[in-house]
Amino acid sequence: MPETVAITLRVNGAGRQVRVDARATLLDVLREQLGLGGTKKGCDQGQCGACTVHADGRRVLACLTLACQADGQEVTTIEGLAAPDGSLHPVQEAFAEYDAFQCGYCTPGQIMSAVACIREGHAGSDEEVREFMSGNLCRCGAYPHIIAAVREAAGQDRRADRARA
């Protein structure tokens, strides 16, 4: 019988206590136990980026992260990016505006990586965005639109910072 452990996660701002198989990935717990299907299971080997989430503000591949490793951490999934009133995050808006998706399967992981890209200051050029986002694959080839969306959202972020100053 597999060993189970009790963990506490703060997922999208809400505290959640769950009992998990000690070998369960964060991806499987988010999708199967917490019902958050926005984070996608792509390759299940950490090579495609479809499962990208934020854990304590850093982007992580949920398929390579044991749920036990995230115990006590703040986990943000694609479902947690929008504001409480339902308004989209600026990156989500830019993805819609720039048609930065085709089939949409990779979109949640792309958006989560794009948010981290901007937050960490890696959106200064197309090349910089391309390098930072290189771990997120899009089988449909929407890369030019993804890069344009990231650059647009980064520009909005910089404009907002100047307005606050």
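Residues numbered from 1 in each chain as written. Predicted model: local features only at pLDDT ≥ 70, side-chain atom pairs only at ≥ 80, totals over all residues. Heavy atoms only, no water.

1. Examining empty space enclosed by the protein
Our working rule: Using protein atoms alone on a 1 Å grid, points that fit a 1.4 Å probe yet trap it form a cavity, whereas open point sets bounded by protein on both sides within 12 Å along at least five of seven lines form a pocket; residues with an atom within 4 Å of a point count as lining. Grid points are joined across faces, edges and corners, and a volume is the space filled by probe spheres set on the points. Gly counts as polar in this scheme, as do all residues outside two lists: the nonpolar Ala, Val, Leu, Ile, Met, Phe, Trp, Tyr, Cys and Pro, and the charged Asp, Glu, Lys and Arg.
Across all of its chains, the model carries 1 cavity of 30 Å³ or more by this definition. By volume, the largest cavity amounts to about 40 Å³. Around the largest cavity sit 13 residues that line it, and Gly42, Asp44, Cys48, Cys51 and Cys63 are the ones nearest its centre. The residue makeup of the lining of the largest cavity, split by class, is 6 nonpolar, 4 polar and 3 charged.

2. As for the pairing of strand β1 (residues 4-11)
Counted only if it meets this: DSSP-based pairing: two strands are paired if at least 2 bridges between them are found. Only DSSP runs of H or I with at least four residues qualify as helices, and only runs of E with at least two residues qualify as strands; both kinds are numbered from the N terminus onward.
Summarising the sheet, β1 and strand β2 (residues 14-21) pair through 8 bridges and their orientation is antiparallel. What sits directly across from Ala6, in β2, is Arg19.

3. Digging into the packing of aromatic side chains
To describe a pair of aromatic rings, one takes the distance between the centres and the angle between the planes. Counted only if it meets this: Stacked, tilted and edge-to-face pairs are distinguished by plane angle, under 30 degrees for stacked and over 60 for edge-to-face with tilted covering the rest, among Phe, Tyr and Trp rings (Trp via its six-membered ring) whose centres lie within 6.5 Å. When the NZ atom of lysine or the CZ atom of arginine is within 6 Å of a ring's centre and also within 35 degrees of its normal, the charge is said to sit over that ring.
Under the counting rule described, the total for this entry stands at 0 aromatic pairs. Just above the ring of Phe132 sits the side chain of Arg59; from NZ or CZ to the centre is 3.9 Å.

4. A closer look at the state of the cysteines
Heads up, the condition is: The disulfide definition used here is simple: a pair of cysteine sulfur atoms within 2.5 Å. Under the scheme applied here, a residue whose accessible area is under 20% of the maximum for its type counts as buried, over 50% as exposed, and between as partly exposed, the area being computed with a 1.4 Å probe on protein chains only.
One pass over the full model with this rule turns up 0 disulfides. Left without a disulfide partner, Cys43 is nearest to the cysteine sulfur of Cys48, which lies 3.8 Å away. Assessed through its relative accessible area of 26%, Cys43 is described here as partly exposed. With no disulfide of its own, Cys63 has Cys51 as its nearest cysteine by sulfur position, at a separation of 3.6 Å. On the accessibility criterion, Cys63 (7% relative accessible area) is buried.

5. Examining unusual backbone geometry
Positive phi is not limited to glycine here, since Asn12 has a value of about 50°. Topologically, Asn12 is positioned in the loop between β1 and β2. A positive phi angle, near 50°, is found at Asp56, a position not held by glycine. When you line up the elements, Asp56 lands in the loop between β3 (52-55) and β4 (58-61). Relative accessible area serves as the criterion here: at 47%, Asp56 is assigned to the partly exposed category.

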